[in-house]
Amino acid sequence: MPKTTIREALLRQRRRLPADQCMSLSLDIQSYLMALDLFREAGTLALYSPVQNEVYTEALFAEARQQEKRVVYPRVCGDDLEFIEVVSRSDLVHGCFGVLEPGEGLRVDVGEIDLLVVPGVAFDQVGHRLGYGKGFYDRALRAAPPSCRLVGLCFDFQRVPALPSEAHDVRMHAVVTEVGCRYCE
């Protein structure tokens, strides 16, 4: 199936998810991730601001800050993402595409990130990711060093057996849904 067909079908299904169910499932997903060594061992983690019924990340932010972890969020800079340290969610402002992103703050090189939490429209069994098609995360993921753990968050219906992929695609190390974590390595 072409990427656009998969993207349209899954975005339509995700948009239909009732707000209370989206919140409940998101809390389950975040709890699974917080229980993993990937989260516990990370000193610096990158989160995203959810849009269009993506998995929420607020509990991850709260727990990371409580554990005195360094938290960064992406900000669109031209055709790329840059990562900015965020100490409070009030540091986030409406940015490109209406997504909450850091307004000001310390820029953090992707090489300093231990755990990069990634949104997606779909993820397959081996960790390939389908995004919105603009390539922002694809470029950021290619810049991440091998030591950086890449974890996709999605609802279980967004996991598919296989996605069309290209040689330059970067695979996730793990994908976490409301039914648990699947390692892709």
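Since we're looking at a predicted model, the values are computed, not measured.

## Some remarks on the sheet that holds strand β6 (residues 107-108)
Piece 1. Read from one edge to the other, the open sheet built from eight strands follows the order β6-β3-β2-β1-β7-β10-β12-β13, with strand pairing classed as mixed. Two strands close off the open sheet at either side, each with one partner strand: β6 and β13 (180-183).
Piece 2. Packed on one face of the sheet, helix α2 (residues 19-34) meets β7 (115-118), β10 (149-153), β12 (174-177) and β13 and runs near 140° to β12.
Piece 3. In the packing of helix α5 (residues 136-143) onto the sheet, contacts are made with β2 (70-77), β3 (80-85), β7 and β10, and the angle to β3 comes to roughly 70°.

## Thoughts on the packing of α2 against helix α4 (residues 58-66)
Piece 1. Where α2 contacts α4, the axes come no closer than 9 Å and their chain directions differ by 35°. The crossing of α2 and α4 is right-handed. Counting all contacts with α2, which are made through Leu-27, Gln-30, Leu-33 and Met-34, the residues of α4 involved are Glu-58, Ala-59, Leu-60 and Glu-63.
Piece 2. Residue composition of the contact of α2 with α4, by class: five nonpolar, one polar and two charged.

## Observations concerning the nonpolar core
Piece 1. Core analysis: the biggest nonpolar cluster contains 50 residues, and Leu-33, Leu-116 and Leu-153 have the highest contact counts within it.
Piece 2. Examining the composition of this core, we find that five residues originate from one element, α2, more than from any other.
Piece 3. Core analysis: the next-biggest nonpolar cluster, separate from the first, contains eight residues, Leu-10, Leu-11, Leu-130 and Leu-163 among them.

## Quick notes on the layout of surface pockets
Piece 1. As a volume, the largest pocket reaches approximately 750 Å³.
Piece 2. As for the largest pocket, its lining consists of 35 residues, and the residues nearest its centre are Arg-129, Tyr-132, Lys-134, Phe-136 and Tyr-137.
Piece 3. The set of elements that each furnish at least two residues to the lining of the largest pocket consists of α1 (3-15), β2, β5 (100-102), β9 (129-130) and α5.
Piece 4. At four residues, the largest contribution of residues to the lining of the largest pocket is made by α5.
Piece 5. Taken together, the residues of the lining of the largest pocket sort by class into 16 nonpolar, eight polar and 11 charged.

## Thoughts on the pattern of salt bridges
Note on pairing: side chains with opposite charge can pair once their charged atoms come close.
Piece 1. All chains considered together, the criterion is met by 10 salt bridges.
Piece 2. Glu-85 is paired through a salt bridge with Arg-70; the nearest N and O atoms lie 3.3 Å apart. Note that Glu-85 is positioned in strand β3 and Arg-70 in strand β2, a separation of 15 residues in sequence.
Piece 3. Where salt bridges share partners, they join Arg-70, Glu-85 and Glu-112 into one cluster.

## Notes on the environment of Cys-184
Piece 1. Within the element layout of this structure, Cys-184 appears in the segment after β13.
Piece 2. The exposure class of Cys-184 is buried, given its relative accessible area of 6%.
Piece 3. Placed 13 residues apart in sequence, Cys-184 and Arg-171 show a C-alpha to C-alpha distance of 7.9 Å.
Piece 4. Residue contacts for Cys-184: discarding those within four places in its chain leaves Gln-125, Val-126, Gly-127, Arg-171, Met-172, His-173, Ala-174 and Val-175.

## A look at empty space enclosed by the protein
Piece 1. Using the criterion set out here, one finds one cavity of 30 Å³ or more in the structure.
Piece 2. Considering only enclosed or pocket space, the largest cavity measures out at about 30 Å³ in volume.
Piece 3. Surrounding the largest cavity, Asp-138, Leu-141, Arg-142, His-168, Asp-169 and Val-170 form its lining.
Piece 4. Across the lining of the largest cavity, the residue classes tally to two nonpolar, one polar and three charged.

## Focus: the sheet that holds strand β8 (residues 122-124)
Piece 1. Read from one edge to the other, the open sheet built from three strands follows the order β9-β8-β11, with strand pairing classed as mixed. Edge strands, defined here as strands with exactly one partner in the open sheet, are β9 and β11 (159-160).
Piece 2. Of the strand pairs in this sheet, β8 and β11 are connected by two bridges, and their pairing is parallel. Residue pairing for β11: Asp-124 is matched across the bridge by Val-160.

Calculation rules
- Residues numbered from 1 in each chain as written.
- Predicted model: local features only at pLDDT ≥ 70, side-chain atom pairs only at ≥ 80, totals over all residues.
- Heavy atoms only, no water.
- Pairing = 2+ DSSP bridges.
- Helix = DSSP H or I, 4+ residues; strand = E, 2+ residues; numbered from the N terminus.
- Contact = heavy atoms within 4.5 Å.
- Axes fitted to C-alpha atoms, helices over the stretch in contact; angles between N-to-C directions.
- Left-handed = near helix turned anticlockwise from the far one by under 90°.
- Nonpolar A, V, L, I, M, F, W, Y, C, P; charged D, E, K, R; others polar.
- Core = buried A, V, L, I, M, F, W, Y, C linked by side-chain atoms within 4.5 Å.
- Buried < 20%, exposed > 50% of the residue type's maximum accessible area, 1.4 Å probe, protein only.
- 1 Å grid on protein atoms, 1.4 Å probe; cavity = no way out; pocket = protein on both sides within 12 Å on 5 of 7 lines; lining within 4 Å.
- Points joined across faces, edges and corners; volume = space filled by probe spheres on them.
- Salt bridge = Lys/Arg side-chain N within 4 Å of Asp/Glu carboxyl O.

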